[in-house]
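Commentary on secondary and tertiary structure
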Amino acid sequence: MTTPVKVPTVAARLGYAGLIPFVVLSVSLWFAGQSLRDPALQALLLYAAIILSFMGAIHWGVGMSKAEVASTRLLVFSVIPPLIAWFAAFLPTLVQISVLYLAFAGLCVFDSREARAGHLPKWYPRLRVPLTVVVVASLINAQLALAL
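Residues numbered from 1 in each chain as written. Predicted model: local features only at pLDDT ≥ 70, side-chain atom pairs only at ≥ 80, totals over all residues. Heavy atoms only, no water.

**Topic: the packing of helix 3 (residues 34–64) against helix 6 (residues 93–116)**
Relative orientation and spacing of two packed helices are given, respectively, by the angle between their axes and the distance between those axes. Cut-off, in case you're wondering: As a rule, the C-alpha atoms of each element are fitted with a line to give its axis, helices using only the stretch in contact, and angles between N-to-C directions run from 0 to 180 degrees. Numbering goes from the N terminus for both helices and strands, where a helix is a DSSP run of H or I of at least four residues and a strand is a run of E of at least two. Angles below 35 degrees are treated as roughly parallel, those above 145 as roughly antiparallel, those between 65 and 115 as roughly perpendicular, and all remaining angles as oblique. For any helix crossing, the convention is left-handed if the near helix is rotated counterclockwise from the far helix by under a right angle, and right-handed if that rotation is clockwise. Whether two residues are in contact is decided by their heavy atoms, any of which lying within 4.5 Å being enough.
Between helix 3 and helix 6, the shortest axis-to-axis distance is 11 Å and the interhelical angle comes to 25°. Judged by the inter-axis angle, helix 3 sits roughly parallel to helix 6. For the element pair helix 3 and helix 6, the recorded crossing hand is left-handed. Contact with helix 3, carried on its side by Leu 41, Leu 45, Ala 48, Ile 51, Leu 52, Met 55, Gly 56 and His 59, involves Thr 93, Gln 96, Ile 97, Leu 100, Ala 103, Phe 104, Leu 107, Phe 110 and Asp 111 of helix 6 and no other residues of that element.

**Quick word on a nonpolar patch on the surface**
This is how the line gets drawn: Like-charged residues are merged into a patch within 9 Å and nonpolar side chains (Val, Leu, Ile, Met, Phe, Trp, Tyr) within 5 Å, provided each residue has over 30% relative accessible area and no salt bridge. Each accessible area is a Shrake-Rupley result for a 1.4 Å probe, and residues are judged covered by the shown protein chains and nothing else. The rule for a salt bridge is simple: a side-chain nitrogen of Lys or Arg has to be within 4 Å of a carboxyl oxygen of Asp or Glu. Throughout, exposure labels follow a simple rule: accessible area from a 1.4 Å probe, protein chains only, divided by the maximum for the residue type, with under 20% read as buried, over 50% as exposed, and the rest as partly exposed.
Together, Trp 60, Met 64, Val 79, Ile 80, Leu 83, Trp 86, Phe 87 and Phe 90 give the surface a local cluster of nonpolar side chains, amounting to about 910 Å² of exposed area. Broken down by secondary-structure element, the contributors of at least two residues to the nonpolar patch are helix 3 and helix 5 (80–88). Tallying contributions element by element places helix 5 first for the nonpolar patch, with four residues. Along the chain, Val 79 falls in the loop between helix 4 (68–78) and helix 5. Taking relative accessible area as the criterion, Val 79 reaches 38% and is therefore assigned partly exposed.

**With respect to the packing of aromatic side chains**
What counts, and what does not: Here is the rule: rings of Phe, Tyr and Trp (six-membered ring for Trp) pair when centre to centre is within 6.5 Å. Planes less than 30 degrees apart are stacked, more than 60 are edge-to-face, and the remainder are tilted.
Under the defined criterion, the tally for this structure stands at five aromatic pairs. With a centroid separation of 3.7 Å and 20° between ring planes, the pair formed by Phe 77 and Phe 110 is classed as stacked. Here Phe 77 is found in helix 4, whereas its partner Phe 110 is found in helix 6, with 33 residues between them in sequence. Here Phe 77 and Phe 110 have matching classes, each one buried. Ring plane angle 75° and centroid distance 5.9 Å describe the contact between Trp 123 and Tyr 124, whose orientation is recorded as edge-to-face. Tyr 124 shares its class with Trp 123; the two are buried. Through a chain of ring-to-ring contacts, the aromatic side chains of Phe 22, Tyr 47 and Phe 104 assemble into a single cluster.

**What to know about helix 2 (residues 20–31)**
Cut-off, in case you're wondering: Expected span of a helix, by definition, is 1.5 Å for each gap between consecutive residues, and there is one gap fewer than residues. Our arc is simply the arc of the directions from the helix axis toward the C-beta atoms.
For helix 2, spanning twelve residues, the distance from its first C-alpha to its last is 17 Å, which sits close to the expected 16 Å at 1.5 Å a residue. For helix 2, the full list of buried residues reads Phe 22, Leu 25, Ser 26 and Leu 29. Here the buried residues of helix 2 occupy an arc of 95° about the axis, which is enough to place them on one side. Along helix 2, exposed side chains directed more than 90 degrees from the buried face belong to Ile 20, Val 24 and Phe 31. Contacts made by the buried residues of helix 2 are with helix 3, helix 6 and helix 7 (124–147).

**A look at the pattern of salt bridges**
This model, assessed by the stated rule, comprises two salt bridges. Among the salt bridges present, the one from Glu 114 reaches Arg 73, with a minimum N-O distance of 2.7 Å. In this pair, Glu 114 is assigned in helix 6 and Arg 73 in helix 4, connecting sequence segments 41 residues apart. Exposure remark for Glu 114: the relative accessible area of 6% places this residue in the buried category.

Put into structure tokens, the structure is as follows:
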């Protein structure tokens, strides 16, 4: 029987704390008056872009510590999330939100594969999957608040 891999407490606490802006800002779009709605939306989109870039940077850090073949792939991949976040900033808002949540979901799939291949800690998907579910749900919630 395999012992489940435990997520380090600090990583879990910081990861879940990082969800607060996603949840608060996306929910606020349903209840805020117009004067607060636009700044809340801009804050959410900016935060999502920053976090997506940060998630890519994880691969840069890991890539620097790997053998050359794995290093090249991870280093190249690490720049894709910030490029997507930057590109999305120029799209209409509802499309921008879709691009961001699809990027987060795709990155989660990639991260899970990298963990199974031994390039990321075995515990990483146990943290990433629930965090990604909340991020994607928050962005979809924001999209619905704007569309309805």
